[in-house]
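# Overview (structure and organization)
If you want the building blocks of each chain, they are given just below.
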Amino acid sequence: MEINNAIALVTGASGGIGSHFVEQLLHSGAAKVYVCARSLNRLDELVDLNPDRVIPVELDVTDPDSVIAAANQCSDVNLLINNAGIALNQGVIAADDLKSARAEIEVNYFGMMSMCRAFAPILKQQGGGTIANLVSLVGKVNLPFSGSYSASKAAALSMTQCVRAELASQGTLVVAVMPGTVDTSMASEWPEPKVAPAEVAKATLQGIIDGQEDVYPGEQAAQVSEQLLSNPKGVEKYMAGFLPGMALAGATA
Ligand SMILES: NC(=O)c1ccc[n+]([C@@H]2O[C@H](COP(=O)([O-])OP(=O)(O)OC[C@H]3O[C@@H](n4cnc5c(N)ncnc54)[C@H](OP(=O)(O)O)[C@@H]3O)[C@@H](O)[C@H]2O)c1
């Protein structure tokens, strides 16, 4: 699909990658961009970019009423970018309890699923449209340093494949975006290399234009996705070296 004249919605728009999506959507001629955050005051700077085309929406993807309200308010969307996510950097065994894992699943999996379900009929009405789900390379291979987050992204990737299959008949393109480490506050404790958030937004929008189902933004993502095909066990063993609680910032993956 074309980005020019698209009517887009970006969840987690106040975050590192989200704000770049908004800037690039505007730059590429999107007619309207609904920018979503849990707190409207985090969206002021984005609205200032273009108050006529940027519409702030209060949205907590874990709250079903909030998701339904957003779908009612944004019933003309033809490009849904499910970007909201949290990473609490916990292992599975090393974590004190299941709290972090449950919180990550609520946002990264159930939140994304709720958004897909709420907007599927809207996209159908708009002739098909596109859903882009921000998954992660760690949805394909676990990074134990952030092990429960990785598991939530694996669930999100599987769910994305199901949504793709279910919405194929209505002509909706469903894109899984799988960056490696991105240079945002979420990844401040994660090892180098880090791809720029602008690069993730750019590669995703280009993938949407090209009709790509799987997008691997940046060199690290491209390389590791190849290695996962040629030597999946080798990649798993390599990632196993990054254990929960390690001081990773400044290290190189
Ligand atoms: N950074 C990386 O290395 C990396 C790598 C691969 C994939 N990703 C994925 O890319 C996406 C964006 O990440 P980022 O690096 O830009 O992270 P970020 O800067 O922490 O931004 C995350 C955004 O998610 C929003 N959010 C969190 N919980 C939410 C909820 N319950 N409802 C609605 N919004 C919520 C936050 O918005 P508010 O707090 O303002 O509501 C925030 O704007 C995430 O899905 C992440 O998992 C990131």
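Residues numbered from 1 in each chain as written. Predicted model: local features only at pLDDT ≥ 70, side-chain atom pairs only at ≥ 80, totals over all residues. Heavy atoms only, no water.

## Some points on the pairing of strand S4 (residues 79-82)
We count it as follows: Each residue is assigned to one of three classes by its accessible area relative to the maximum for its type, calculated with a 1.4 Å probe on protein chains only: buried under 20%, partly exposed between the two thresholds, exposed over 50%. The numbering of helices and of strands both runs from the N terminus, where a helix is a DSSP run of H or I of at least 4 residues and a strand a run of E of at least 2. Pairing between strands requires that DSSP locate at least two bridges from one strand to the other.
Where burial is concerned, the two faces of S4 agree: the one with Leu79 and Ile81 and the one with Leu80 and Asn82 are both buried. Sheet topology places strand S1 (residues 7-10) next to S4; three bridges connect them, and they run parallel. Looking at S4, one finds that Ala8 is bridged to Leu79. Sheet analysis places S4 next to strand S5 (residues 130-134), joined by four bridges and oriented parallel. Each residue of the ladder has a partner; that of Asn82, found in S5, is Asn133.

## Describing the site of the ligand
The criterion, for reference: Throughout this document, a residue counts as near a molecule or strand when at least one of its heavy atoms sits within 4 Å of that molecule or strand. Under the rule applied, a polar contact is a pair of N or O atoms within 3.5 Å (in protein, one hydrogen donor and one hydrogen acceptor; residues adjacent in sequence only if both atoms are side-chain atoms). All accessible areas in this document rest on Shrake-Rupley with a 1.4 Å probe, and a residue is counted as covered only by the protein chains that are shown. Each residue is assigned to one class: nonpolar for Ala, Val, Leu, Ile, Met, Phe, Trp, Tyr, Cys and Pro, charged for Asp, Glu, Lys and Arg, and polar for all the others, Gly among them.
The environment of the ligand is formed by 31 residues, the closest being Ser14, Arg42, Tyr149, Val182 and Thr184. Separating a nitrogen atom of the ligand from a backbone N or O atom of Val61 is a distance of 3.0 Å. Protein burial of the ligand: of its 890 Å² of free accessible surface, 94% is covered by the chains. Secondary-structure elements contributing two or more residues to the shell around the ligand are helix H1 (16-27) and helix H5 (147-167). For the shell around the ligand, a count of residues per class yields 15 nonpolar, twelve polar and four charged.

## A few points about helix H3 (residues 64-73)
In an α-helix, one full turn covers 3.6 residues, which means residues spaced three or four apart are oriented alike. Where we set the bar: The directions from the helix axis to the C-beta atoms form the arc being described. Working rule for contacts: check all heavy atoms of both residues, and any pair within 4.5 Å makes them a contact.
What H3 keeps buried is the set Ser66, Val67, Ala70 and Ala71. Take H3 and look down its axis: the buried residues cluster within an arc of 135°, on one side only. What points out from H3, more than 90 degrees from its buried face, is the exposed set Pro64, Asp65 and Asn72. Residues of H3 that are buried in the fold lie against strand S3 (54-58) and helix H4 (99-125). The opening residue of H3 is Asp63, an N-cap whose side-chain oxygen sits 3.0 Å from the backbone nitrogen of Asp65.

## Comments concerning the pattern of salt bridges
Rules: Every case where a carboxyl oxygen of Asp or Glu lies within 4 Å of a side-chain nitrogen of Lys or Arg is listed as a salt bridge.
For the structure shown, the criterion picks out four salt bridges. The partner of Lys32 in a salt bridge is Asp76, and the shortest N-O contact between them spans 2.6 Å. One end of the pair, Lys32, is in strand S2 (residues 32-37); the other, Asp76, is in the loop between H3 and S4, with 44 residues separating them in the sequence. Given a relative accessible area of 23%, Lys32 falls into the partly exposed group. The salt bridge involving Lys233 is made with Glu236; its shortest N-O contact spans 3.0 Å.

## A look at unusual backbone geometry
Glycine aside, residues mostly have negative phi angles, and peptide bonds mostly take the trans form. The peptide bond linking Glu192 to Pro193 adopts the cis configuration, its omega dihedral lying at -5°. With respect to the helices and strands, the residue Pro193 is situated in the loop between strand S6 (173-177) and helix H6 (197-210). Within the chain, Asn5 stands out as a residue other than glycine whose phi angle is a positive 75°. Here Asn5 lies in the segment before S1. Notably, Asn89 is not glycine yet its phi reads approximately 50°, a positive angle. For Asn89, the position within the fold is in the loop between S4 and H4. With relative accessibility at 14%, the residue Asn89 sits in the buried group.

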